[in-house]
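Commentary on secondary and tertiary structure
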Amino acid sequence: MTALVLGMLRSRPGRALTVALLTALATVAAVAAPVYVERTDRRIVDAAVAQASVRERDILVSGTVESGNDGTMPNTFERLGSGWLDAPGYASVFSSQFAAQPAEVPVADPEQLSRVVYREGLCEHVVVIAGRCLMGTGDAVLGVRAADRLHLRPGDAVALTGSMFDSTQNRYLAAGPATPLTVVGIVRAADGTDPYWGGGGALTDAGGPAFAVDRRTLATFARPADLQTFDAYPTPGAISVPHLGELREWVEASQRRANSGARLTTDLGGLLDRIDERRAEVRRTVPFAVAPVLVLAWAVIILAVAAATRARRFEHGVIALRGVSRPGRWWLATGETLVPMLLGALAGFTAIGGWGTPGALLYAAVAVLGALLAGLAAGIRTVSGPVTALLRRIDVRSGRWGARLAAFAAVAAAVATVQVRGSSGGVAALAPALVLLAAALLAAVAAPALAAVLGRAALRRGRLTGALAGLWLARRPSSARLLAVLVVALSSLAFAAAATTTAERRRAEQAERELGAATVLSVGAPSRRALLDAVRAADPDGRYAMAVVPFPGGLAVTSPFVGFGPGHAARLHPSGLRERTVVRGTSLSLDLDVTRLDRTDDAFSAVLAPLDGRPNATVEFGAVLPGRHTYTAPAACAGGCVLLQVAFRLAPYAGPALELTWHDPPSTAWRPPPGGTATAQGGDLLLRVPPGPGPATGVLRPDDGPATLPVVSTGPLPPDGGLTVFDRQRPLTAEVAATVPRLPRLGTSGLLVDLEYADRLSVDSTATGAEVWLAADAPASVTDAIAAAGVTVDERRTIAGARAALAGEGAALGLRFYLVAGVLAVVLAAAALLSGAVEGSSGDLRALRAQGLSGRRARAVEPLAGVLLVVFAGLAAVPATAAAWAAGAPPQLRGWPPLGPPASALAAALAVLAVVAVLTTTGQARRRMKA
C-alpha cells in the first residue's frame, strides 16, 4: 500500500504540492503567534527603558564619608561601593562633594555656601562656554548660572574652605585652612539627558553653586566629611529580554546590601515589574487572535483534502469494488495527503524561524495535529460512502447546517452578552470571532438558494453565462463551504483594521491630551523666577516657549500659545504689574518705632527673592522691642533682592494689636493682614497688626501683585473663591476669567493661572515639576538658550514619542496582532480559492458545448462563478463585521470606528481574492475543457 501511495504522489505532484503548501501556511499562521510575542517582547523592553525615569533605570549608591584623624579622606566607600554595582551591563560614575564657604567668611549662612564637586570624566561630557576645562591642581570650572550668581569669569581667583554646621549658632563654620582655586572655565552639560549625569550631576545649583574640580584638587581641601556616590546606568542592551532574569535576581539580592555606611537606591524593580506586566498583556491577547486563524487554516485544509479526494472518487469506488479492506481504503485515501502535510509543516516551521523561538513547538504541534486530523476526517469521510455513490462521483451530503448555525449563533450571542456586560478575558475574548463565524455560516446556508435565484433570473433575461455561473454555485456544496471561509477571512481583516485604527486614534488623542504641547521639556530650575527669566530670554515674544509649573488641580503658565484657545494670555495676565520692591546690600535694615507691644516674645522676619533666580531666603530679625530701633539681619542681596513680605509672629489668639511706625520703608504700598491697617504718612508707614490663628496673621506684603488671580477653568471655583496655588497654607482670591470645556494635560477638570501673577502672590519659590512647553515649529536655538541660562533640561518628550510609548504598551501590541491575523486569514482564503479549484468536473459544460454552447461562454462560467463567490463574501462580511464590533469590541474601543480604514482593507482584500479566483478558475477551465 505504501508503494502505491508513493506512486500516487508521483503521478499527481501538483495536488500533493498544494496540500503541502496549505499545511505549511497553517503552520506559519500558528507559529506567527510566538514569533510575534518574542519580537514584541523586545519592543516592550526597548519602549519601557526609553520612557523610564532616571531613578527607574539607574542605581545610586551613596554614603557620607568622614575624614580620618590625619585629615585625609579614606577610600573605603569608593573601594567597597563599586563592588556593589555588579548589575549585568551597567557602567558607573564616581563622584564626591562637600560644602564649602568663602575663606574670608568664618561664619556663614546657608546662602553663602558653595559646593566643591569631583565627578569622574567631567570634561568629556561638557561644552566649554568660556575658557577651558580642568587640567591641573587648583583648577575649577563653573556652570553658567553659578558663574553669573557668583560674578566669576575665567581667570578669577577664589579661596574656599571646607564648612561644617554648628547647631548652637545655627550657622556654618570654617573647617580648615583656605584653599585657593582659579576659575579656568565656564561650562554646561553637552547633553543634560545623558545617563552619565544620573539624577543630578555637577552643574546644578541645588545645594549651592558648584565648583567642579579634579581629584587632585579635591584632595587639597580639609573638610569634615564628603558625600560620595556611585551613579550606575545601563549600557545599550543591558536591560533586554535575555537579561531580565539576571536583573531580577540582582535587584532581589541588592536589597540586602544596604547598611549604615552606604545606601543603595533604585526603582529598577518597578521597571522590571512594568515590563513583566506588559509582556503578560500581550500573552493574554495573542492566543485569542491566533485561534480563529488556526480554525480557518484547518477549514482550508479540509477543503483542499476533500477536493483532492473527491477528484478520485471513481478510483476509490473501483478499489472498494475489488474488495480492498476498509483500513486499506482509508490509507489510500489519506496517505496521498498525510505525507505532503508532514513535509509542509516542517517547511513552514523552518521558514518562519520556529526553531529559535520559545514556545513555537507547542503552537506548531497544535496546528499540525489539527491539520492531520482535519485531513484524516476529510479523506475518510469522502471514501466512506456507498460504492455506487463513489462510482457515480456523488457527494455524501449533510443536512446538519441548520443545527450547526443555531449552535454557533447561540454560543456567539451568549459570549457577546457577557462581553457587553463588562466581563473580560477567557472565552469572552472570542466573542468577535464567534459572531463572525455565526454570520459566515448563515451566509453559507443562504448562498446556494440565493445563487439559484440569481441564476434563474439571469436565465430569464437571456444572460446564459451568468445563469450557468449561478447554478454552478448553487449545486456545489463546496462553494458554500468556501464562501464561509471567505466571509470569516474578510470580516476578520475588516474587524482588525477597525480595531487597530480606533486604538491608534485613541492613543493619538491621549498623547496630545496628556502631553499638552508638541514638545515638553522637564527642567530643573533654582526657582520659578529663574525659570521665567530663562524662558523669556530664550523666547522674548512668547511664540515658541511656555514655562509651566504644576500645582494641585491646575497649571501656572506663561504666554499660553498652544492648545488653550485664543485670547487666554490676555485673560490670565490682563494688565501690567507694579515695580517690585527691591533691596540691595549684604544686610537688610528696618527702622521700626513700636508704639504698642503687649507681648515680649513677638518676633519678626522677612522673605527675600534674589533677582538672580536663587531660591527665596528668610532673614530673622529677632524679638520686637518697644520704642524705636533699627533691626539688621545679614542678606546676600548684593545683586538685588525683591522684598516679598515682612511677617510678625504674634499670639495665635485674639487680643490687642501690635502697632508701630516703619520709618523710610522701601515702599509705602503694602497689603496688611486681615483686620490690620497699613497707612502711608509722608515717607513713613503706620502699621496696625492684629494677632489671630490664621496663616496670614501678621503678614505684610508689598502691593505689587494683582488684587485677584484670574483663572481659566473648566468649572466653577469653590464658593469662597479661594485658590491654593504654591503656598499651601495661604489661599489666594481668584476669579474665573474664562470657562472652557477641556484643557491640555488637565482634561475636563482643572484650571490655568498666570505664572508671574501666582509667583508674585507666593512666598515659596520652588519650581517643583517645572516644564517648558515648545511649539511644533520651535527652533533648536530656544532649547539651547534655555539650557545656557542655567536651567537644566532633564528630559525631552514629544507627542510622537508619547504615541510611540502608548503604542509600545502590552495591550496595544497585543491588539496589533489582530491585524497580522487578519492578513493571514486573507492569505488562507486565497489558498482556499486555489485549493477549491482542484475540485471540479466540466462534464456538464462539455455536454452543453455539444448542444451549441460557445467555447468562450463555457470557459467564462467558472471564472465568473469565482468572482461572484468573492463578491457574495464581501457583501456578507460587512454586516458580519458590524455585528462582531457591536457585540465584542474591547471596552476601551467602544463607539463606532472610522469607516475608511476597514473599508479600504476590505476593498483591497476583495480585489486580491477576485484576481486569485479569476486566474485560478480560468486555468482550470481551460484544462478541463481540453480533457
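The structure displayed is predicted, hence computed values, not measured ones. (Residues numbered from 1 in each chain as written. Predicted model: local features only at pLDDT ≥ 70, side-chain atom pairs only at ≥ 80, totals over all residues. Heavy atoms only, no water.)

Focus: the packing of aromatic side chains
Stated precisely, the cut-off is as follows: Only Phe, Tyr and Trp rings take part, Trp by its six-membered ring, and two of them pair if their centres are within 6.5 Å. Stacked means planes under 30 degrees apart, edge-to-face means over 60, and tilted covers everything else. Runs of E in the DSSP output that reach at least two residues are strands. Runs of H or I that reach at least four are helices, and both are numbered from the N terminus. Two conditions define a charge located above a ring, namely a distance within 6 Å from the ring centre to NZ of Lys or CZ of Arg, and an angle within 35 degrees of the ring normal.
Tallying each qualifying case throughout the model produces 14 aromatic pairs. Between the aromatic rings of Phe94 and Phe230, the centroid separation amounts to 5.1 Å while the plane-to-plane angle is 50 degrees, which identifies the pairing as tilted. Here Phe94 is found in strand 2 (residues 90-102), whereas its partner Phe230 is found in strand 11 (residues 225-234), with 136 residues between them in sequence. Ring pairs connect the aromatic residues Phe77, Phe94, Tyr118 and Phe230, which therefore count as one cluster. Just above the ring of Tyr196 sits the side chain of Arg119; from NZ or CZ to the centre is 5.2 Å. Here the guanidinium or amino end of Arg528 rests over the ring plane of Phe726, the centre of that ring lying 3.8 Å away.

Observations concerning the confidence of the model for the protein
Our working rule: pLDDT measures how confident the predictor is about each residue, on a scale from 0 to 100. We call two residues contacting when some pair of their heavy atoms lies within 4.5 Å.
Confidence in the prediction for the protein averages 81 pLDDT; 82% of positions are at 70 or higher. Segment residues 837-841 is flagged for pLDDT under 50; beyond a separation of four residues in sequence, or across chains, it makes 16 contacts in the model.

A look at the state of the cysteines
What counts, and what does not: Sulfur atoms of two cysteines make up a disulfide when they are within 2.5 Å. Here the term buried applies to any residue with accessible area under 20% of the maximum for its type, exposed to any over 50%, and partly exposed to those in between, with areas from a 1.4 Å probe on protein chains only.
Within this structure, the stated rule accounts for two disulfides. The residue that forms a disulfide with Cys123 is Cys133, at a sulfur-sulfur distance of 1.9 Å. Here Cys123 and Cys133 share a disulfide; its torsion about the S-S bond, -90 degrees, makes the bridge left-handed. Of the two residues, Cys123 is situated in the loop between strand 4 (114-119) and strand 5 (126-131) and Cys133 in the loop between strand 5 and strand 6 (139-143); the sequence distance between them amounts to 10 residues. The exposure class assigned to Cys123 is partly exposed, which follows from its relative accessible area of 32%. The partner cysteine of Cys637 in its disulfide is Cys641, sulfur to sulfur 2.1 Å. Judged by the sign of its S-S torsion, about -100 degrees, the bond between Cys637 and Cys641 is left-handed. The exposure classification of Cys637 matches that of Cys641, with both residues buried. Along the protein, the cysteines engaged in disulfide bonds are linked according to the scheme 1-2, 3-4 when indexed in sequence order.

Some points on unusual backbone geometry
Positive phi outside glycine occurs at Asp664, with the angle close to 50 degrees. On the basis of relative accessible area, Asp664 is assigned to the exposed category, the value being 66%. Phi is positive for Arg745, which is not a glycine, with a value near 70 degrees. Tracing the backbone shows Arg745 in the loop between strand 27 (732-739) and strand 28 (751-754). Using a relative accessible area of 27% as the deciding quantity, one classes Arg745 as partly exposed.

Description of the sheet that holds strand 26 (residues 722-723)
In plain terms, the rule: A pair of strands is labelled paired if DSSP reports no fewer than 2 bridges between them.
On the basis of which strands lie adjacent, the open sheet formed by nine strands has the order 26-27-25-28-15-14-29-13-30 and mixed pairing. Strands with a single pairing partner mark the edges of an open sheet, and in this sheet they are strand 26 and strand 30 (792-798). Taken together, the four bridges between strand 14 (residues 545-551) and strand 15 (residues 554-557) define a ladder with antiparallel strand orientation. Bridging across to strand 15, Val548 finds its partner in Val557.

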